[in-house]
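Per-entry structural report
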Amino acid sequence: DRQSVDKTPSGPPLAEATVQWYNRSRGFGVIVPKDGSGNVFVHFSSFEATGRLVIEEGETVWFTAVDDPRRKRMAVKVRFAPVDDVVDTRPPPVAPPPAKGDK
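1. A short note on unusual backbone geometry
A positive phi angle, near 50°, is found at lysine 77, a position not held by glycine. Tracing the chain through its elements places lysine 77 in strand S6 (residues 72–80). Under the relative-accessibility criterion, lysine 77 is labelled partly exposed at 44%.

See the structure below:
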């Protein structure tokens, strides 16, 4: 059972949230904190040094929020689940059929 707050040694606790929607072409979206504190704007520039530019609907992220006069609340220091915690729900790849003449 994962707690709703990830206490990291390098700063304040990070809140856990789920991605509600994300516009890939514009690089922004909305995340919903698990604590029920209200929707938070998220922009790809707030993703911590991972090289990622996209988050997926339903994905879990951890973040710190700041008040932004234009958007109310904005996520900063957005982190992602460790690779070991990510469950790939895609079907396994299908091997191509053998070429004619191959046996």
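2. Focus: the pattern of salt bridges
Evaluation of the coordinates by the stated rule reveals 3 salt bridges. Between arginine 79 and glutamate 48 there is a salt bridge, with its nearest N and O atoms 2.7 Å apart. Of the two residues, arginine 79 sits in strand S6 while glutamate 48 sits in the loop between strand S4 (40–43) and strand S5 (60–68), which places them 31 residues apart along the sequence.

3. Examining the confidence of the model for the protein
Residues at a pLDDT of 70 or more form 72% of the protein, whose mean pLDDT is 78. Here residues 1–9 is a poorly scored stretch, pLDDT under 50, and it has 15 contacts once near neighbours within four places are set aside; other chains count.

4. Some words on the packing of aromatic side chains
In this structure the tally under the stated criterion is 4 aromatic pairs. Ring geometry for tryptophan 21 versus phenylalanine 28: centroids 5.9 Å apart, planes at 75°, classification edge-to-face. Here tryptophan 21 falls in the partly exposed class, since its relative accessible area comes to 36%. Judged by centre distance (6.2 Å) and plane angle (35°), the rings of tyrosine 22 and phenylalanine 47 are tilted. Taken as a pair, tyrosine 22 in strand S2 (residues 14–23) and phenylalanine 47 in the loop between S4 and S5 lie far apart in primary sequence, 25 residues in all. In terms of burial, tyrosine 22 and phenylalanine 47 fall into one category: buried. Aromatic rings pair up to connect Trp21, Phe28 and Phe41 into one cluster.

5. Details of the environment of arginine 24
By secondary structure assignment, the location of arginine 24 is in the loop between S2 and strand S3 (28–33). For arginine 24, a relative accessible area of 53% puts it in the exposed group. Along the sequence, arginine 24 and valine 54 sit 30 residues apart, while their C-alpha atoms lie 6.2 Å from each other. Those residues in contact with arginine 24 that sit more than four places away from it in its chain are Val54 and Glu56.

Cut-offs applied
Every residue gets a number counted from 1 within its own chain, in the order that chain's sequence is written. Confidence filtering applies because this is a predicted model: local features only for residues at pLDDT of at least 70, side-chain atom pairs given and counted only at 80 or more, and all residues used for totals across whole chains, interfaces and linings. Computation of side-chain values: all heavy atoms of the structure, hydrogens and water removed. Under the DSSP-based scheme used, a helix requires at least four consecutive residues in state H or I and a strand at least two consecutive residues in state E, with every element numbered from the N terminus. Throughout, exposure labels follow a simple rule: accessible area from a 1.4 Å probe, protein chains only, divided by the maximum for the residue type, with under 20% read as buried, over 50% as exposed, and the rest as partly exposed. Salt bridge, as applied in this entry: a Lys or Arg side-chain nitrogen positioned within 4 Å of an Asp or Glu carboxyl oxygen. A residue's pLDDT is the predictor's confidence in that residue, given on a scale from 0 to 100. Throughout, a residue-residue contact means that at least one pair of heavy atoms, one from each residue, lies within 4.5 Å. The aromatic pairing rule takes the rings of Phe, Tyr and Trp, using the six-membered ring of Trp, and pairs them if the centres are within 6.5 Å, calling planes under 30 degrees apart stacked, those over 60 edge-to-face and the rest tilted.

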